[in-house]
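Read off the chains here:
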Amino acid sequence: MAAKSGFLKTAIKDFKTIGAIAGSSPHLIEEMLEPVPFSSARSIVEMGAGDGRITDAIIRHMSPESQLLVFELNDVFFAGLARIQDARVQCLNQNAADLLQWVQPDSVDAVISALPLAFIPKAEKNRILRAAAESLKPGGLFVQFQYSLTDYGLLRRHFGKVGVRFELLNIPPAFIYVCTK
Ligand SMILES: C[S@@+](CC[C@H](N)C(=O)[O-])C[C@H]1O[C@@H](n2cnc3c(N)ncnc32)[C@H](O)[C@@H]1O
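All figures in this text were calculated on a predicted structure; none of them were measured in a lab.

Student: Can you break down the site of the ligand residue by residue, with the values?
Tutor: Near the ligand you find 23 residues, and of these Gly23, Ser24, Gly48, Gly50 and Asn74 are the closest. Broken down by secondary-structure element, the contributors of at least two residues to the shell around the ligand are α2 (15-18) and α4 (53-61). Partitioning the shell around the ligand into residue classes produces 13 nonpolar, 8 polar and 2 charged.

Student: Describe in detail the sheet that holds strand β3 (residues 89-92), supporting the description with residues and values.
Tutor: Read across the open sheet, the 7 strands follow the order β3-β2-β1-β4-β5-β7-β6; overall the sheet is mixed. Looking along the sheet, the strands with just one partner apiece sit at the ends: β3 and β6 (161-167). Adjacent strand axes in the sheet meet at a mean angle of 15 degrees when their direction is disregarded. In this structure, strand β5 (residues 136-146) lies alongside strand β7 (residues 174-180), joined through 5 bridges in antiparallel fashion. Note on β7: the bridge partner recorded for Gln144 is Tyr177. Together, β4 (108-113), β5, β6 and β7 form the strand contacts of helix α3 (residues 26-33), whose direction differs from that of β6 by roughly 155 degrees. Packing against the sheet, α4 makes contact with β1 (43-47), β2 (67-71), β3 and β4, and its axis sits at approximately 165 degrees to β1.

Student: Give me the environment of Arg157: which residues, what numbers.
Tutor: By the element assignment, Arg157 lies in helix α7 (residues 152-158). Taking the number of C-beta atoms within 10 Å as the measure of exposure, Arg157 has 12 and is therefore exposed. Along the backbone, Arg157 and Lys181 are 24 residues apart, and their C-alpha atoms lie at a distance of 9.9 Å.

Student: Tell me about helix α6 (residues 122-135), residues and numbers included.
Tutor: Since the α-helix turns once every 3.6 residues, residues separated by three or four places project in the same direction. Its 14 residues place the ends of α6 20 Å apart at the C-alpha level, agreeing with the 20 Å of an ideal helix rising 1.5 Å per residue. All of the buried residues in α6 are Ile128, Leu129, Ala131, Ala132, Ala133 and Ser135. On the buried face of α6, the contacting elements are β1, β4, β5 and α7.

Student: I'd like a rundown of the nonpolar core, residues and numbers included.
Tutor: Grouped together as the largest cluster of nonpolar side chains are 46 residues, with contacts concentrated most on Ile44, Val70, Ala110, Val111, Ile112, Ala132 and Phe142. Setting aside anything within four residues of it in sequence, one finds Val70 in contact with Glu46, Ala49, Thr55, Leu81, Val89, Gln90, Cys91 and Leu92.

Student: Tell me about the environment of Trp102, residues and numbers included.
Tutor: Mapped onto the fold, Trp102 is located in the loop between β3 and β4. Residues in contact with Trp102, not counting those within four places in the same chain, are Leu69 and Leu92.

Student: Mind laying out the pairing of β5, listing which residues take part and the relevant values?
Tutor: The side chains of a regular strand alternate between the sheet's two faces. Most of β5 is tucked away, with 8 of its 11 residues classed as buried. Alignment of β4 against β5, held across 5 bridges, turns out to be parallel. For Val108, the partnering residue across the bridge sits in β5 and is Leu136. Each parallel crossover has a hand, and the one from β4 via α6 to β5 is right-handed.

Thresholds applied
Each chain has its residues counted from 1, following the order in which its sequence is written. The predicted origin of the model limits local features to residues at a pLDDT of at least 70 and limits the giving and counting of side-chain atom pairs to 80 or more, whereas totals for whole chains, interfaces and linings rest on all residues. For each residue, a C-beta atom is placed from the backbone, and the residue is labelled near a molecule or strand when this atom is within 6 Å of it. Where helices and strands are cited, they refer to DSSP runs of H or I of at least four residues and of E of at least two residues respectively, numbered from the N terminus. Each residue gets one of three labels, nonpolar for Ala, Val, Leu, Ile, Met, Phe, Trp, Tyr, Cys and Pro, charged for Asp, Glu, Lys and Arg, and polar for the others, Gly among them. When DSSP finds at least two bridges between two strands, those strands are taken to pair. Structural elements are reduced to axes, namely lines fitted to C-alpha atoms, with helices fitted over the stretch in contact, and the angle between N-to-C directions of any two is expressed from 0 to 180 degrees. Residue pairs are scored as contacts if the distance between their C-beta atoms, which are placed from the backbone, is within 7 Å. Here the C-beta atoms are placed from the backbone, and a residue counts as buried if at least 20 other C-beta atoms lie within 10 Å of its own, exposed if 12 or fewer do, and partly exposed otherwise. Multiplying 1.5 Å by the helix residue count minus one yields the expected span of that helix. Only buried residues count toward a nonpolar core: Ala, Val, Leu, Ile, Met, Phe, Trp, Tyr and Cys, linked into one set through C-beta atoms within 7 Å. Crossover handedness is defined by viewing with both strands directed away from the observer: a clockwise path from the first strand over the helix to the second marks the crossover as right-handed.

Have a look at this one:
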């Protein structure tokens, strides 16, 4: 089970990187994962794992043949991810913007991101979104949540199609972008 109690404590110490004081709700997580074709997806990437609550849900859904590559920059959260003992999962204490150092272009079925886009400088955000788009196979999905629609336009520049969902049962309520290139 994810170590949820430490989220606020860690977030206060590193708010600019974490960008939230509470983790995502189970409703938000399930709504983010709903469009992901887990039965066929073989290569999955998670950006911004935090305490691993989305990671845990991905692991519950993913097939025995699939691989999950997880990026988390915060050292405390990254250390906590060591609790995940699953041969299909590799956790990296690395910047998600460097994704293409770890996967081939056009090779990933789904990138699931909880990165705090609103707090990330624009040049860095462009690097992250470019890497996510380039990593995806044709038809692959990039799923990202945000508390406002601030980055809708930016996502449109990186992805051919950007759908938007809304999840009320989260604090605060959140928009979910579901993008394909
Ligand atoms: C809003 S929290 C999400 C935590 C958790 N996945 C959830 O949904 O509750 C965002 C996480 O992204 C991480 N992060 C921020 N920028 C990052 C980057 N460039 N690369 C990897 N992780 C990053 C932060 O350290 C933080 O843990």
